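# Per-entry structural report
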Amino acid sequence: MKKYDKLIFVSGSDTAVGPMAEAIMESKYLLEELAITSKGVVVLFPEPINPKAEAVLVSNGLSMKEHMSDPLVREDFDERTLILATSEIVKQKALSEFGDAAAGIHVLNRFTGEEKEITDPYGGTLVDYGQCFSELERLISKLVVQLNEEELMN
């Protein structure tokens, strides 16, 4: 039996790192179907994906041009949803906002056994967004192996 029904990548504003992670994850092969989305801890109103993030996605054969930022809400937290923050700062913001409800939130790099956090490219160059994409691609590839192995164990 599969462990999760849904995966949420949580970033700050849900306009760059989160949507890139969502697009990368949707392009991967999972043994079990998983609803994948991204949300933000600081979303005051819906915003489109950052143009630099979209440009990097397009250059890698992906797109999130229809994406609009969406806030993380208390109802997102349940035992069948894997919630992965893109940084420790994002995780702490979720914990301060949702308290015990957010106890199951993980940081992507630590969840996949890595020390180095994803570098948020906010305010950076197209190259910075490209580096962020590469970091996400590597971590999400590890995440896919991890999730698929869990499915094989069950």
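My aim in this report is to walk through the structure given alongside it, one point at a time. What you are looking at is a predicted structure, and each value in this text was computed from that prediction instead of being measured. (Residues numbered from 1 in each chain as written. Predicted model: local features only at pLDDT ≥ 70, side-chain atom pairs only at ≥ 80, totals over all residues. Heavy atoms only, no water.)

Before going further, it helps to examine the overall build of the protein chain. Assigned secondary structure in the protein chain consists of 5 helices and 4 strands. Against the compact-globule benchmark of 15 Å for 154 residues, the protein chain has a radius of gyration of 14 Å, which places it among compact chains. Seen along its three principal axes, the alpha-carbon backbone of the protein chain occupies a region of about 40 × 30 × 30 Å. Here the protein chain holds 154 residues, and 49% of them are scored as buried. If you take every contact in the protein chain between residues at least 6 apart in sequence, the share linking residues at least 24 apart comes to 73%. Accessible area for the protein chain stands at about 8000 Å²; split by element, carbon and sulfur atoms hold 55% of it. For the protein chain, the separation between the mean place of its 15 positive charges and that of its 27 negative charges on side chains is 2 Å. (Helix = DSSP H or I, 4+ residues; strand = E, 2+ residues; numbered from the N terminus. Rg over C-alpha atoms; globule rule 2.2 N^0.38 Å. Buried < 20%, exposed > 50% of the residue type's maximum accessible area, 1.4 Å probe, protein only. Contact = heavy atoms within 4.5 Å. Areas by Shrake-Rupley, 256 points an atom, 1.4 Å probe, with all protein chains shown as cover. Lys, Arg positive; Asp, Glu negative; His and termini not counted. Charge placed at Lys NZ, Arg CZ, Asp CG, Glu CD.)

The next subject is the packing of aromatic side chains. Tallied over the entire structure, the rule returns 1 aromatic pair. Seen from their ring centres, phenylalanine 77 and phenylalanine 98 are 5.4 Å apart, and the 50° between their planes marks the pair as tilted. With a gap of 21 residues between them, phenylalanine 77 in the loop between helix H2 (51-59) and strand S3 (81-85) and phenylalanine 98 in helix H3 (residues 88-98) connect regions that are remote in the sequence. What makes phenylalanine 77 buried here is its relative accessible area of 14%. (Phe/Tyr/Trp six-rings, centres within 6.5 Å; stacked < 30°, edge-to-face > 60°.)

When you tally the buried positions in S3, you get 5 out of 5 residues, the bulk of the element. Burial along S3 is two-sided: the residues Thr81, Ile83 and Ala85 and Leu82 and Leu84 are all buried. Relative to S3, strand S1 (residues 6-11) runs parallel, the two sharing 5 bridges. Of the residues in S3, the one forming a bridge with isoleucine 8 is isoleucine 83. Alignment of S3 against strand S4 (residues 106-107), held across 2 bridges, turns out to be parallel. Looking at the pairing, alanine 85 lines up with valine 107 of S4. Taken together, S3, H3 and S4 form a β-α-β motif whose crossover is right-handed. (Pairing = 2+ DSSP bridges. Right-handed = clockwise from strand over helix to strand, strands pointing away.)

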